[in-house]
Amino acid sequence: MSDVETDDPRPDEGDAGNVDKTRRRLLVGSTAIVGGIGVAGAAIPFVKSWNPSAKARALGAPIEVDISKLNPGEMLGPIPAWRGRPVFVIRRTPETVEQLASDNPELADPESKNEEMQPAYAKNRWRSRKPEIGVYEGLCTHLGCSPKFRGEENSFFCVCHGSVFDLAGRVFKNKPAPDNLPVPPYRFETENLIVIGEDEEHA
Ligand code: FES
């Protein structure tokens, strides 16, 4: 059973002019989006969400995602959200939360110094508003494939060229991807309801 819409809300290229500057560089073109959908990771099927129409999403409408049934160690997604880009939502285990807080010299940008890759509220070790909940755009920063969630290995893996990201979306060194996974604007409407595509700056 799945309440998550699975239609294909590919970005409206004509809407690209509205994409803010910091996100513009992440638009990797229709080829990359097709690749992302083609290698999408497993979806958690039971998470209930409410979405506006595909057209509305393509135009940038925020979506609400209910995470009440998302268990620790699981991922919801990829969700077609925020200008049609796939979004991952994960609930981390306490062990993962603790692990991500530790120094890891194998990461390329562990402190999220590249300001373009996340809002200010996600500039922390978890790259998220809450340590246990992560929200990331599911597009590899190399050529735009959609990485696979590997919960058992605490990572996202991009099968296209082998980039590896930790569960904060931070890319490991010496991989093709140059940056961490982007964090879209989002906010918590309630404890279990996330609005993706909208925050204090993007209303
Ligand atoms: S697109 Fe992900 S490693 Fe190349």
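For the structure itself, consult the block above.
Here the structure is a predicted model, which means the values were calculated and not measured.

Caption draft 1: Looking closely at unusual backbone geometry. The peptide bond linking Gly 77 to Pro 78 adopts the cis configuration, its omega dihedral lying at 0°. Counting through the fold element by element, Pro 78 comes out in strand β3 (residues 74-81). Located in the positive-phi region is Arg 127, a residue other than glycine, with phi close to 50°. Along the polypeptide, Arg 127 turns up in the loop between α4 (94-101) and β5 (133-137). Taking the C-beta count within 10 Å as the criterion, Arg 127 has 25 such neighbours and is therefore assigned buried. Even without glycine at this site, Asn 174 takes up a positive phi of about 60°. Considering the arrangement of structural elements, one finds Asn 174 in the loop between β8 (164-166) and β9 (186-190).

Caption draft 2: Representation of the pairing of strand β10 (residues 193-196) within the structure. Here β10 shows a clear split, with Ile 194 and Ile 196 buried on one side and none of Leu 193 and Val 195 buried on the other. Relative to β10, strand β2 (residues 63-66) runs antiparallel, the two being bridged by four bridges. For Asp 66, the partnering residue across the bridge sits in β10 and is Leu 193. Here β9 runs beside β10; their pairing, made up of four bridges, is antiparallel. Looking at β10, one finds that Tyr 186 is bridged to Ile 196. From the end of β9 to the start of β10, which pair antiparallel, there are two residues.

Definitions and limits used
Residues numbered from 1 in each chain as written. Predicted model: local features only at pLDDT ≥ 70, side-chain atom pairs only at ≥ 80, totals over all residues. Helix = DSSP H or I, 4+ residues; strand = E, 2+ residues; numbered from the N terminus. Buried ≥ 20, exposed ≤ 12 C-beta atoms within 10 Å, placed from the backbone. Pairing = 2+ DSSP bridges.

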